[in-house]
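# Fold and geometry: a report
Chain residues, written in single-letter form:
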Amino acid sequence: MLSIALEGLKFYAYHGLYPEEQVIGNYFILDIEVSIPEPQHPSSLIESVNYEILHSIAKRIMQTPQPLLEQVVHDISVTIKSTFPAVSRSRVILKKQAPPFGGDLSFSVVTLEKQY
């Protein structure tokens, strides 16, 4: 297996359950990792996963506000698999900076790992 990852993608987005989160927005950190079978010709991008496209998938989905981060990681995972059918595993981790629940916390974290 070959793993390809993007770590620490930073977005300002409007995800959140509370109406003020969808107006004010928040900072998010996103990690994406996918696995594919080892390519026969590792010098050909056709047999791999283009991380520029991974970033564009993440950026597009992060721009659509969702009340739950669970939906965001699901949408990213499903879109990756439909774009790159050779992906056999994906792991998407989304961190929300200082969620508004009244506690002292750096990030809330939602992780989705899928085997295909």
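Residues numbered from 1 in each chain as written. Predicted model: local features only at pLDDT ≥ 70, side-chain atom pairs only at ≥ 80, totals over all residues. Heavy atoms only, no water.

Attention now moves to the nonpolar core. Counting 26 residues, the largest nonpolar core has Leu30, Ile32, Val49, Leu54, Ile76, Ile80 and Leu94 as the members making the most contacts within it. Where this core is concerned, the elements lending two or more residues are strand 1 (2–13), strand 2 (26–36), helix 2 (51–62), helix 3 (69–83) and strand 3 (89–97). Sequence-distant contacts of isoleucine 32, defined by excluding residues within four places in its chain, comprise Ile4, Ala5, Leu6, Leu9, Leu54, Ala58, Ile76, Ile80 and Arg91. (Core = buried A, V, L, I, M, F, W, Y, C linked by side-chain atoms within 4.5 Å. Buried < 20%, exposed > 50% of the residue type's maximum accessible area, 1.4 Å probe, protein only. Helix = DSSP H or I, 4+ residues; strand = E, 2+ residues; numbered from the N terminus. Contact = heavy atoms within 4.5 Å.)

As a further point, take the pattern of salt bridges. Side chains that differ in charge, positive against negative, can pair when their charged atoms come close. Taken as a whole and judged by the stated rule, the model has 4 salt bridges. For glutamate 21, the salt bridge is made with lysine 96, and the minimal N-O distance between the two is 2.3 Å. Pair noted here: glutamate 21 is in helix 1 (residues 19–24) and lysine 96 is in strand 3, with a separation of 75 residues, a long-range link. Of the two residues examined, glutamate 21 and lysine 96, each falls in the buried class. Measuring nitrogen to oxygen at the nearest pair gives 2.8 Å for the salt bridge that ties glutamate 33 to arginine 89. Here glutamate 33 is found in strand 2, whereas its partner arginine 89 is found in strand 3, with 56 residues between them in sequence. With relative accessibility at 25%, the residue glutamate 33 sits in the partly exposed group. It is possible to trace a salt-bridge network through shared partners that takes in Glu33, Arg89, Arg91 and Glu113. (Salt bridge = Lys/Arg side-chain N within 4 Å of Asp/Glu carboxyl O.)

Here the protein chain averages 93 in pLDDT, and 100% of its residues register 70 or above. Helix 1 is the least confidently modelled element of the protein chain, averaging 92 in pLDDT, while helix 3 averages 98, the highest of any element. (pLDDT = per-residue confidence, 0-100.)

Bringing a nonpolar patch on the surface into the picture now. On the surface, Tyr12, Tyr14, Val23, Ile24 and Tyr27 cluster together to form a nonpolar patch covering roughly 540 Å² of accessible area. Looking at the element boundaries, valine 23 is found in helix 1. (Patch = residues over 30% accessible without salt bridge, like charges linked within 9 Å, V, L, I, M, F, W, Y side chains within 5 Å. Areas by Shrake-Rupley, 256 points an atom, 1.4 Å probe, with all protein chains shown as cover.)

Considering all chains together, one arrives at 2 aromatic pairs under this definition. With 5.8 Å between their ring centres and 80° between their planes, tyrosine 12 and tyrosine 14 make a pair best called edge-to-face. Each ring, one from tyrosine 12 and one from tyrosine 27, has its centre 4.7 Å from the other, and the planes form 80°; the classification is edge-to-face. Of this pair, tyrosine 12 sits in strand 1 while tyrosine 27 sits in strand 2, and the two are 15 residues apart along the sequence. Under the relative-accessibility criterion, tyrosine 12 is labelled partly exposed at 39%. (Phe/Tyr/Trp six-rings, centres within 6.5 Å; stacked < 30°, edge-to-face > 60°.)

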